[in-house]
Amino acid sequence: TGPLVLLGIETSCDETAASVVRQAADGTVEVLSSVVHSQIDDHAAYGGVVPEIAARSHVETIDGVVKRALVEAGCDWSGLDGVAATAGPGLVGGVMVGLSYAKGVAMGRGLPLVAVNHLEGHAVSARLGRPVAYPFLLLLVSGGHCQLLEVRGIGDMSRLGTTLDDAAGEAFDKIAKAMGLGYPGGPALERLAATGTDAGAERFDLPRSLLGRRDCDFSFSGLKTAAARLSQGLETEADKADLARAVQNAIARQLAERSVRALDLFSESHPDLDRPAFVVAGGVAANATVRARLTAVAEARGFDFVAPPMAYCTDNAAMIALAGAERLRLGLTSDLAVAARPRWPL
Ligand code: KG4
Ligand code: ZN
């Protein structure tokens, strides 16, 4: 078959996003537009995302965001081969807004509808920047998820490990909140950590959870409690910066240590692959210290480390459009009756 041009829509959390992506028959991907309207200002005063405010804001902005994505792509409705939208998991009031909009477009324009799992979007996000061959090992680290997955193809993944409590992004957010930093916490904590020193960070004794366990799971709640307690006695900005750096180092270290097991399992089940890819995706993939740690373990095990371009680490619709194109190519389209799902494990 020929090239496919997909409109993608993402509304599962606090960004209203739309994008037009073209996938050539040989798999080459071109992002024609990617519009992201962040609601951060609407939620900042509450220190986190308020579902009702998010849903209302999606309703107000979705139409303008989609139209802008079409204009920026130089594309009108007739140039589309299909429309893809996140159908879950996420805040269901928001998911319904984007999914309903996509259903309207599909019905009105006679286009195929593709319901996309948000996590599957993150899973293909690295392919927006460069080709990545299946199968690959994926570390998905976002605000809601922390999982290691073997990705054999679209709709064909198995989980090697997951978090027993908080997600990595959630740990960043909660610790940042305890330290009085802004929302979202990840980027704020990374900025503060940059002004601290590793020598200063070392004086903080943070737990190394699950060390030595022979599985691929994660746990951040011990680290969160310890960091919140340590943050209380701090006198100066410099002390705070050192603690931020210690927290960031500890999260990055655990992500790397636990990934090593999955890298070994993946290698055992694919002995024929020459330099397979180890892909990190999701908001936490934007963190430079996390990337550096993961690059080191990937290199040591003979994997090619791949991260999406920065703009496609956090939530966006280009990844949803691409997952939609890959699904459409396989004939994996959805019925107009498809429902929004608050929970939807891969
Ligand atoms: O993928 P994403 O935009 O939304 C979800 O699907 O959850 O991820 C958002 C998460 C938040 O927890 C945010 O604090 C974290 O990613 N994050 C970061 C950074 N940028 C975003 N964490 C650490 N360092 C960053 N630079
Ligand atoms: Zn996400």
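Counting restarts for each chain: residues are numbered from 1 in the order of the written sequence. Lettering for chains starts from A, numbering for ligands starts from 1, and both go in the order in which the items are written. Local features in this predicted model are restricted to residues whose pLDDT is 70 or higher, and side-chain atom pairs enter the listing and the counts only when it is 80 or higher, whereas totals over whole chains, interfaces and linings include all residues.

- If you check an unreviewed UniProt entry, the chain appears there as tRNA N6-adenosine threonylcarbamoyltransferase from Brevundimonas halotolerans.
- UniProt positions are given in the numbering used here, feature names are shortened, and annotations may be inferred rather than shown by experiment. Here the chain is described in UniProt, under the heading Sequence similarities (unreviewed entry), as follows: "Belongs to the KAE1 / TsaD family."
- Here is the UniProt Catalytic activity (unreviewed entry) comment for the chain, exactly as written: "L-threonylcarbamoyladenylate + adenosine(37) in tRNA = N(6)-L-threonylcarbamoyladenosine(37) in tRNA + AMP + H(+)".

### A closer look at the UniProt feature "binding site: Fe cation" (unreviewed entry) in the chain
Now for step 1: In the UniProt entry, the feature "binding site: Fe cation" (unreviewed entry) is given for His118, His122 and Asp315. These annotated residues cover 198 residues of sequence, and their C-alpha atoms all fall within 9.0 Å of one another, placing them together at a single site.
Now for step 2: Positionally, His122 belongs in helix H4 (residues 118-124).
Now for step 3: Note on contacts: residues are paired as contacts if their backbone-placed C-beta atoms lie within 7 Å. Apart from residues lying up to four places away in sequence, His122 is in contact with Leu140, Ser142, Ala281, Gly282 and Met319.
Now for step 4: Numbering of helices and strands runs from the N terminus, with a helix taken as a DSSP run of H or I at least four residues long and a strand as a DSSP run of E at least two residues long. Assignment of secondary structure puts Asp315 in the loop between strand S10 (304-306) and helix H11 (318-329).
Now for step 5: Every residue in contact with Asp315, bar those within four places of it in the chain, is listed here: Glu10, Cys13, Glu15 and Ala17.

### Observations concerning the site of ligand 1
Now for step 1: Around ligand 1 lies a shell of 19 residues, among which Gly143, Gly169, Gly186, Gly283 and Asn287 are the nearest.
Now for step 2: Of all the secondary-structure elements, those providing two or more residues to the shell around ligand 1 are helix H5 (168-178) and helix H6 (185-193).
Now for step 3: Broken down by element, the shell around ligand 1 gets its largest block of residues, four residues, from H6.
Now for step 4: By residue class, the composition of the shell around ligand 1 is six nonpolar, 10 polar and three charged.
Now for step 5: Start and end positions for the domains come from either an automated domain assignment or a database one. Composition of the shell around ligand 1 by domain shows at least three residues from each of domain 1 (4-129 + 312-329) and domain 2 (136-307). Using a C-beta atom placed from the backbone for every residue, we mark a residue as near a molecule or strand if that atom lies within 6 Å of it. In this count, Pro and Cys sit with the nonpolar residues alongside Ala, Val, Leu, Ile, Met, Phe, Trp and Tyr, while Asp, Glu, Lys and Arg are called charged and the others, Gly among them, polar.

### So, the sheet that holds strand S3 (residues 29-38)
Now for step 1: If you trace the five strands from one edge of the open sheet to the other, you get S3-S2-S1-S4-S5, paired in mixed fashion. What marks the edges here is a single partner per strand, and that holds for S3 and strand S5 (113-117). For this sheet, the mean inter-axis angle between neighbouring strands, taken without regard to orientation, is 20 degrees.
Now for step 2: Pairing between two strands is assigned when DSSP locates at least 2 bridges connecting them. Alignment of strand S1 (residues 4-10) against strand S2 (residues 15-23), held across seven bridges, turns out to be antiparallel. Within S2, the residue paired with Leu4 across the bridge is Gln23.
Now for step 3: Against the sheet, H11 makes contact with S1, S2, S3, strand S4 (82-88) and S5, and its axis sits at roughly 135 degrees relative to S1, the strand it touches most. To obtain each axis, a line is fitted to C-alpha atoms, and for helices this fit is confined to the stretch in contact; angles are then taken between N-to-C directions over 0 to 180 degrees.

### Some thoughts on the pairing of S3
Each regular strand carries side chains that alternate between the two faces of the sheet.
Now for step 1: Sheet topology places S2 next to S3; nine bridges connect them, and they run antiparallel. Note on S3: the bridge partner recorded for Ser19 is Ser34.
Now for step 2: Remark: five residues form the turn of the hairpin made by S2 and S3, two consecutive strands paired antiparallel; Gly27 in that turn has positive phi of roughly 95 degrees.

### A closer look at helix H2 (residues 51-73)
Now for step 1: A helix's residues, less one, multiplied by 1.5 Å, set its expected span. Taking 1.5 Å as the rise per residue, H2 with 23 residues should run 33 Å; its terminal C-alpha atoms sit 30 Å apart, in good agreement.
Now for step 2: Here the bend at each residue means the angle between axes fitted to two seven-residue stretches, the one ending at that residue and the one beginning there. At Thr61, H2 is deflected by roughly 45 degrees, the largest bend along its length.
Now for step 3: Exposure classes come from backbone-placed C-beta atoms, where a residue is buried if 20 or more other C-beta atoms lie within 10 Å of its own, exposed if 12 or fewer do, and partly exposed in between. Within the sequence span of H2, burial applies to Ala54, Ser57, His58, Thr61, Ile62, Val65, Val66, Ala69 and Ala73.
Now for step 4: Those residues of H2 that are buried are in contact with S1, S2, S3, helix H1 (40-43) and helix H3 (92-109).
Now for step 5: Where H2 ends, the next residue or the one after it, Gly74, has phi of about 65 degrees, a positive value.

### Remarks on the packing of H6 against helix H9 (residues 237-269)
Packed helices, taken two at a time, are described by the angle their axes make and the gap between the axes.
Now for step 1: Where H6 meets H9, the axes come as close as 8 Å, and the angle between the chain directions of the two elements is 120 degrees. The angle between the axes of H6 and H9 places the two elements in the oblique class. The chirality of how H6 crosses H9 is left-handed. Between H6 and H9, the residues in contact are Leu189, Glu190, Leu192 and Ala193 and Lys240, Ala241, Ala244, Arg245, Val247 and Gln248, respectively.
Now for step 2: Here the residues of the contact of H6 with H9 sort into six nonpolar, one polar and three charged. Throughout this description, any angle smaller than 35 degrees is read as roughly parallel, any larger than 145 degrees as roughly antiparallel, any in the 65 to 115 degree range as roughly perpendicular, and the remainder as oblique. Crossing handedness: left-handed means the near helix sits turned counterclockwise from the far one by under a right angle, and right-handed means the same turn made clockwise.

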